[in-house]
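Summary of the model geometry
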Number of protein chains: 2
Amino acid sequence: MTENAAPFTQQERDAVYRAIAERRDMRHFRSEPIRDDQLKRLLNAAHQAPSVGLMQPWRIIRITNRSLRNEIHTLVEQERIATAKAMNEREDEFMRLKVEGINDCAEIFIMCLADKREQHIFGRRTMPEMDLASVSCAIQNMWLAARVEGLGMGWVSIFDPKELGSLLHLPDDASPIAILCLGHVDAFYPEPMLQMENWRQAEALETVMFENQWDSPSNL
Amino acid sequence: MTENAAPFTQQERDAVYRAIAERRDMRHFRSEPIRDDQLKRLLNAAHQAPSVGLMQPWRIIRITNRSLRNEIHTLVEQERIATAKAMNEREDEFMRLKVEGINDCAEIFIMCLADKREQHIFGRRTMPEMDLASVSCAIQNMWLAARVEGLGMGWVSIFDPKELGSLLHLPDDASPIAILCLGHVDAFYPEPMLQMENWRQAEALETVMFENQWDSPSNL
């Protein structure tokens, strides 16, 4: 059927597990530029993601215009305040968190869902949202690639997608799903920043594993 | 702020890019079992995924009951036929494709969206679907981990989520998003199977890249 690639060595396996373990959602950046060859490797990694029915539903908008970046930041700031109000008793605590590094990072990429997706039925007849799943896999690839390049990446989803779509002239049937902040960092957080800031503690794997039916504990 | 980990070596970078490039959505499996230590590394990789507001919205159901696996296969087969009919002129061509390896693979995991998600507003006030994005990142981690272990994984989304949720006794506010088939393989496809079967050809990266606004070509 196919040629067979050599197995991954122990060192190669360890490298992938290390990237997965040390990847962080970053909000603190330095502003010096990223080399084009690094950016291209990151975007290629994204583009090698799996996609439902091979539809490749990702569209990637690089933001190089500084005043456009400022407008994007303003949209995020509006939604940050709206989110804080919706948090009720945690409003002040949320407002003290650093939730994005849009103004400081080297590069901004807006990850969008493509237009004309309704023609793709493969794997989506009952679950049309599988296109978002595919774009998310592309973002995770990019995140791991950034980590091994020593670059930080943050996924900001604090914005109104209609307003951001309008700012970037998206067709009505396309939609932005992520503001990706990318840049050099002084250091990677040793654990998720929201955990370091005592916003929330991560649950152990055992609490999310079941066997054969919901809530039935797994023997694994 | 944080301790600084050593940079990734060139060999480590290459390993991550290799895993990203050689990962495939597999449908052909051998049936011999997977070692527990490998399964645990895969599930740990999934559980180290980023999640919006650190909500960790993934719930993972391992299917060890063979008759339950058969019932899952029956659900997929029903939806495969319904999908084929919806394809109109490509119905026969779709029916000839191998779209899943549920009966042959070693392990089935059902990836679900957790219940009680509405309490999580962080990064989701305007885009509640970011929980699906987080679970998708977990699946991509697991896919890359499987690849470096020499194991194939396939994401099947050809099913009615209500029917599968009912079969697994999911709460009303939880939802299955993936039937993950996992197993040893004779070989990994050298390119996406849907491309090898001439179902669809992948687009080049350039066609999905814009600058500052939709449809404006990128200089990168």
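You'll find the structure just up there.
For the structure given in this document, a descriptive report is provided here. (Residues numbered from 1 in each chain as written. Chains lettered and ligands numbered in written order. Predicted model: local features only at pLDDT ≥ 70, side-chain atom pairs only at ≥ 80, totals over all residues.)

This next bit is on the overall build of chain A. The number of helices and strands found in chain A is 7 helices and 6 strands. The order of helices and strands in chain A, counted from the N terminus, is α-α-β-α-α-β-α-β-α-β-α-β-β. Taking contacts inside chain A between residues at least 6 apart in sequence as the whole, the part at least 24 apart equals 80%. (Helix = DSSP H or I, 4+ residues; strand = E, 2+ residues; numbered from the N terminus. Contact = placed C-beta atoms within 7 Å.)

All names here are of chain B. Within strand S4 (residues 175–184), 9 of the 10 residues are buried, which leaves it mostly tucked inside the rest of the structure. Where strand S3 (residues 151–156) and S4 come together, 6 bridges link them in antiparallel fashion. Within S4, the position partnered with Gly-154 by the bridge is Cys-181. (Buried ≥ 20, exposed ≤ 12 C-beta atoms within 10 Å, placed from the backbone. Pairing = 2+ DSSP bridges.)

A few words now on the relation of the copies chain B and chain A. Superposing chain B onto chain A takes a rotation of 180° combined with a translation of 0.0 Å along the rotation axis, leaving an RMSD of 0.0 Å. Taken together, the turn and the small shift mark the pair as related by a two-fold rotation axis. Interface overlap between copies is the fraction of interface residues in one copy that are interface residues in the other; for chain B against chain A it reaches 100%, indicating a shared surface. (Least-squares fit on C-alpha atoms with pLDDT ≥ 70 in both.)

Next up on the list: the packing of helix H5 (residues 130–148) of chain A against helix H1 (residues 10–22) of chain B. Working note: a packed helix pair is described by the angle between its axes plus the distance between those axes. Their axes nearest at 9 Å, the elements H5 of chain A and H1 of chain B cross at an angle of 170°. Between H5 of chain A and H1 of chain B, the crossing angle belongs to the class labelled roughly antiparallel. Helix-helix and strand crossings are classified by hand; for H5 of chain A and H1 of chain B the assignment is left-handed. From H5 of chain A, Asn-141, Leu-144, Ala-145 and Val-148 of chain A reach across to H1 of chain B, where they touch Glu-12, Arg-13, Val-16, Tyr-17 and Ile-20 of chain B. The residue makeup of the contact of H5 of chain A with H1 of chain B, split by class, is 6 nonpolar, 1 polar and 2 charged. (Axes fitted to C-alpha atoms, helices over the stretch in contact; angles between N-to-C directions. Parallel < 35°, antiparallel > 145°, perpendicular 65-115°, else oblique. Left-handed = near helix turned anticlockwise from the far one by under 90°. Nonpolar A, V, L, I, M, F, W, Y, C, P; charged D, E, K, R; others polar.)

Residues and elements named next belong to chain B. Phi at His-169 takes a positive value of approximately 60°, unusual for a residue other than glycine. Mapping His-169 onto the fold places it in the loop between helix H6 (161–167) and S4. One non-glycine residue, Asn-212, adopts positive backbone phi at about 70°. For Asn-212, the location among the structural elements is in the loop between strand S5 (209–211) and strand S6 (213–217). Judged by local crowding, Asn-212 falls into the partly exposed class, with 16 C-beta atoms found within 10 Å.

A few words now on the interface of chain B and chain A. Taken residue by residue, the interface counts 99 residues in chain B and 100 residues in chain A. Every element with two or more residues in the side of chain B that touches chain A is listed here: H1, helix H2 (36–47), strand S1 (58–63), helix H3 (66–86), helix H5 (130–148), helix H7 (193–196), S5 and S6 of chain B. For the side of chain B that touches chain A, the residue count by class is 57 nonpolar, 23 polar and 19 charged. Summarising the sheet, strand S1 (residues 58–63) of chain A and S5 of chain B pair through 3 bridges and their orientation is parallel. The residue of S5 of chain B that forms the bridge with Ile-60 of chain A is Met-209 of chain B.

For the rest of this paragraph, the subject is the sheet that holds strand S4 (residues 175–184) of chain A. In a beta sheet, neighbouring strands pair by backbone hydrogen bonds and run either parallel or antiparallel. Spatial ordering of the open sheet is given by S3(A)-S4(A)-S2(A)-S1(A)-S5(B)-S6(B), a layout of 6 strands whose pairing is mixed. Lying at the two open borders of the sheet, with one neighbouring strand each, are strand S3 (151–156) of chain A together with S6 of chain B. In this sheet, neighbouring strand axes are inclined to one another by 35° on average, regardless of whether the strands run parallel or antiparallel. The pairing of strand S2 (residues 107–113) of chain A with S4 of chain A spans 7 bridges and is antiparallel. The residue bridging Ile-108 of chain A from the neighbouring strand is Cys-181 of chain A, located in S4 of chain A. The strands touched by H5 of chain A are S1, S2, S3 and S4 of chain A; relative to S3 of chain A, the strand with the most contacts, the crossing angle is about 155°.

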